[in-house]
Each structure stands twice: as structure tokens, then as C-alpha cells.
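# Descriptive structure summary
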Amino acid sequence: MNEIIFSKKNIILMGIVVLFIGLYVIFALFLNDNSSVSDSGSYLYVGDYLVWEYENGNFFQLTKVSEDVQKHDYIIYDGLTKKEAKMAQYNNNTWYFFGDDYSDISINDFRIAYTGLKDDITLVDYSLEMYDSSDNDYIAQVNNTKNEEELSAFRASLIKTKVDLDNDGKEEVLYTMSSYSLEKPMTDYDMMSYLFVVDDGKVSVINKSEGLNPFTIIEILDLDDDGINDFIVSKGRANLPSMDECYQIYEFSDGKYQLKQDCMQK
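Notes on the structure follow. (Residues numbered from 1 in each chain as written. Predicted model: local features only at pLDDT ≥ 70, side-chain atom pairs only at ≥ 80, totals over all residues. Heavy atoms only, no water.)

Moving on: a negative patch on the surface. Taken together, Asp 119, Asp 120, Asp 225 and Asp 226 make up a surface patch of like negative charges. Summarising the element assignment, Asp 119 is placed in the loop between strand S8 (110-115) and strand S9 (122-123). A relative accessible area of 35% places Asp 119 in the partly exposed class. (Patch = residues over 30% accessible without salt bridge, like charges linked within 9 Å, V, L, I, M, F, W, Y side chains within 5 Å. Areas by Shrake-Rupley, 256 points an atom, 1.4 Å probe, with all protein chains shown as cover. Salt bridge = Lys/Arg side-chain N within 4 Å of Asp/Glu carboxyl O. Lys, Arg positive; Asp, Glu negative; His and termini not counted. Charge placed at Lys NZ, Arg CZ, Asp CG, Glu CD. Helix = DSSP H or I, 4+ residues; strand = E, 2+ residues; numbered from the N terminus. Buried < 20%, exposed > 50% of the residue type's maximum accessible area, 1.4 Å probe, protein only.)

Have a look at this one:
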């Protein structure tokens with residue numbers, strides 16, 4: 001009789017243990033499934049030299065392209081035209097995109113590609129211009145240098161990006177300029193670089209840096225589908241672009257243009 005009772009107790013205990021193990025496995029799988037949906041496999045490629053992984057509300061820069069980054073369904077912008085792809089391949093510093101059965105997708109003006117993001121990304125149409133004499137007043141408001149060599153460097157490096165940043169129907173102008181010169185790295189003045197905006201005729205300096213840290217505007221887009229455009233800037237690009245340089249995100253917030261995310265690498 002004792003053997004029978006002992007056997008029944010063992011069966012009951014084993015049943016309870018199995019039940020708890022089963023519940024634990026189901027709970028663990030449920031949590032893992034939810035976390036994979038929210039962040040895993042969320043990437044944004046900007047041009048041929050910037051790969052961001054989206055995680056916990058931030059874009060983390062990857063300094064090399066892994067195999068995992070290439071095996072997803074993608075939304076691609078060929079200029080302002082949206083296209084879809086099933087996989088990507090990074091070869092000789094260039095992205096290639098493919099459809100079903102590795103069919104080639106022709107991309108003539110690749111701007112961005114993304115996958116796994118919760119919000120749609122919208123690109124902005126903008127135009128680039130170089131310095132002209134009408135910019136002299138803006139240069140003087142930002143840096144009223146009396147050094148002709150420095151002023152000449154500002155003018156030679158100046159690029160203006162004309163775009164409606166805050167979607168108010170009026171065009172703003174983003175400026176980048178630097179007194180750093182590859183031809184003359186040794187100067188008799190402190191090298192400075194500026195990122196500023198002219199909005200309704202008013203000049204506002206967004207950021208500035210000393211030394212070998214010029215700013216270059218990489219892309220303008222609405223990253224989080226809020227109707228306000230962000231702009232991506234590289235800081236420190238003195239020559240050719242690379243995957244490990246510093247990339248920043250700026251936005252219009254609280255009535256001014258400001259840094260939203262500084263360089264963040266994995």
C-alpha cells in the first residue's frame with residue numbers, strides 16, 4: 001500500500017514540475033517573440049557609407065556590414081521613388097538590391113533603404129548651391145573674420161542646402177562652411193567649422209567645431225513620421241567618406257534647430 005501511495009505522490013509531483021517547466025518555456029518564448037518584433041532586425045542605410053541599427057529609440061552606427069544586415073525585406077528610395085527589395089548586397093562600397101529569385105532592382109539615385117522600422121521614413125526634395133556674393137552678410141554674422149585667408153576658405157567650402165525643413169511652406173537654407181583646407185592644413189588662424197541656418201532672413205548657428213571637424217549634410221528626411229524633417233550630418237569628414245566617421249541627427253524642436261543624436265556606434 002505504501003508503495004502505491006509513494007508512486008502516486010511521485011506522479012503528482014512530476015506532473016507539477018512538468019507543468020511549471022511548460023509555463024516557463026511558453027513565457028520565455030512569448031517575451032523573446034515580443035522583443036524580436038520591437039527592435040531586432042531594424043536597420044537604416046543612408047547612402048553607401050552609413051548603416052544604422054535601430055534599438056530602444058536610438059540609431060546605432062555599425063562600422064562594418066554583416067551578413068545579417070543584408071537579409072531582409074527593404075523599402076528603398078531611388079531619388080524620391082519608393083521601391084521594394086527582398087535582399088541587399090554590399091560590394092565595393094556600393095549597395096545592390098534584389099527582388100525574388102535574385103532579380104536585379106535598378107537603382108539610379110540611391111538615397112536610403114530601411115527594414116523593420118515601426119514608422120515610415122519620408123525623404124525630402126532639396127537643392128544644393130555653392131557660395132555667391134549674397135552669402136557675405138551671413139558669413140560675417142557667423143564669423144566676422146578679418147583674415148583674408150580664413151574668409152577665402154569659408155567661401156570656398158560653403159555649401160547651402162535649400163529645403164523646407166519644418167514643413168511650413170517656406171524654404172529655409174542650411175549652410176555648412178569651414179576654414180579648414182586640405183591644400184593648406186597649416187594656417188595662422190584657429191580653424192573653425194559651422195553648421196547654421198537662415199530662416200526668414202534670420203541667421204542661427206546650429207553647431208560649430210574647432211580643428212579638423214568640418215560638417216557635411218548627408219541627407220534630409222522625416223525619421224519618425226512626425227511631419228518635421230530631420231537632417232543627418234557627418235562631422236569630421238575631411239576627405240573621402242567612410243563608415244566609421246561621426247554621424248549626427250539634427251531636428252527642429254522647441255522653436256529651434258538642435259542636435260538630436262550625437263555619434264553613437266556599436
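Further remarks concern the layout of surface pockets. Taken as a whole, the second largest pocket spans an internal volume of roughly 210 Å³. Contributing to the lining of the second largest pocket are Tyr 54, Gly 57, Asn 58, Phe 59, Leu 117, Lys 118, Asp 119, Leu 223, Asp 224, Ile 249, Lys 260 and Gln 261. Those elements that place two or more of their residues in the lining of the second largest pocket are strand S3 (58-62) and strand S18 (256-261). Its residues assigned to classes, the lining of the second largest pocket comprises five nonpolar, three polar and four charged. (1 Å grid on protein atoms, 1.4 Å probe; cavity = no way out; pocket = protein on both sides within 12 Å on 5 of 7 lines; lining within 4 Å. Points joined across faces, edges and corners; volume = space filled by probe spheres on them. Nonpolar A, V, L, I, M, F, W, Y, C, P; charged D, E, K, R; others polar.)

Ranked by size, the top nonpolar core spans 17 residues in total, and within it Leu 44, Trp 52, Phe 59, Ile 112 and Ile 121 carry the most contacts. Listing elements by their share of this core, those giving two or more residues are strand S1 (43-46), strand S2 (50-55), S8 and strand S17 (246-253). Once residues within four sequence positions are removed from consideration, Leu 44 is found in contact with Leu 50, Val 51, Trp 52, Phe 59, Ile 112, Ala 113, Tyr 114, Ile 121 and Leu 223. Core analysis: the next-biggest nonpolar cluster, separate from the first, contains 16 residues, Ala 88, Trp 95, Phe 97 and Ala 113 among them. (Core = buried A, V, L, I, M, F, W, Y, C linked by side-chain atoms within 4.5 Å. Contact = heavy atoms within 4.5 Å.)

Applying the stated criterion to the full structure yields one disulfide. Between the sulfur atoms of Cys 246 and its disulfide mate Cys 263 the distance is 1.5 Å. Placement of the pair is Cys 246 in strand S17 and Cys 263 in the segment after S18, with a sequence separation of 17 residues. Cys 246 sits in the buried class, given a relative accessible area of 16%. (Disulfide = S-S within 2.5 Å.)

Its location among the elements puts Lys 160 in strand S11 (residues 159-163). Here Asp 132 takes part through its side chain, which lies 2.8 Å from a polar atom of the side chain of Lys 160. Side-chain polar atoms of Lys 160 contact the side chain of Asp 135, separated by 3.0 Å. The contact partners of Lys 160, leaving out residues within four places of it in the chain, are Ser 127, Leu 128, Glu 129, Met 130, Asp 132, Ser 134, Asp 135, Val 173, Leu 174 and Tyr 175. (Polar contact = N/O pair within 3.5 Å; in protein donor to acceptor, adjacent residues only side chain to side chain.)

So, on to the packing of aromatic side chains. Any two aromatic rings considered together are summarised by their centre-to-centre distance and by the angle between their planes. Inspection of every chain in the model, using the stated rule, returns 13 aromatic pairs. Between Tyr 45 and Tyr 74 the ring centres are 5.5 Å apart and the planes differ by 45°, which places this aromatic pair in the tilted class. Of this pair, Tyr 45 sits in strand S1 while Tyr 74 sits in strand S4 (residues 74-78); the two residues are 29 residues apart in sequence, bridging distant segments of the chain. Judged by relative accessible area, which is 2%, Tyr 74 ranks as buried. (Phe/Tyr/Trp six-rings, centres within 6.5 Å; stacked < 30°, edge-to-face > 60°.)

Here we come to the pairing of strand S15 (residues 215-222). For S15, the buried fraction is high: six of the eight residues fall into the buried class. Two elements, S9 and S15, share two bridges in a ladder whose sense is antiparallel. Bridging across to S15, Thr 122 finds its partner in Asp 222. Taken together, the six bridges between S15 and strand S16 (residues 230-235) define a ladder with antiparallel strand orientation. Bridge assignment links Ile 220 to a residue of S16, and that residue is Phe 231. (Pairing = 2+ DSSP bridges.)

The next thing to look at is the sheet that holds S17. The strands making up a sheet are joined through hydrogen bonds of the backbone, oriented either antiparallel or parallel. In spatial order, the strands read S9-S15-S16-S17-S18; together these five strands make up an open sheet with antiparallel pairing. Of all the strands in the sheet, just S9 and S18 have a single pairing partner and so form its edges.

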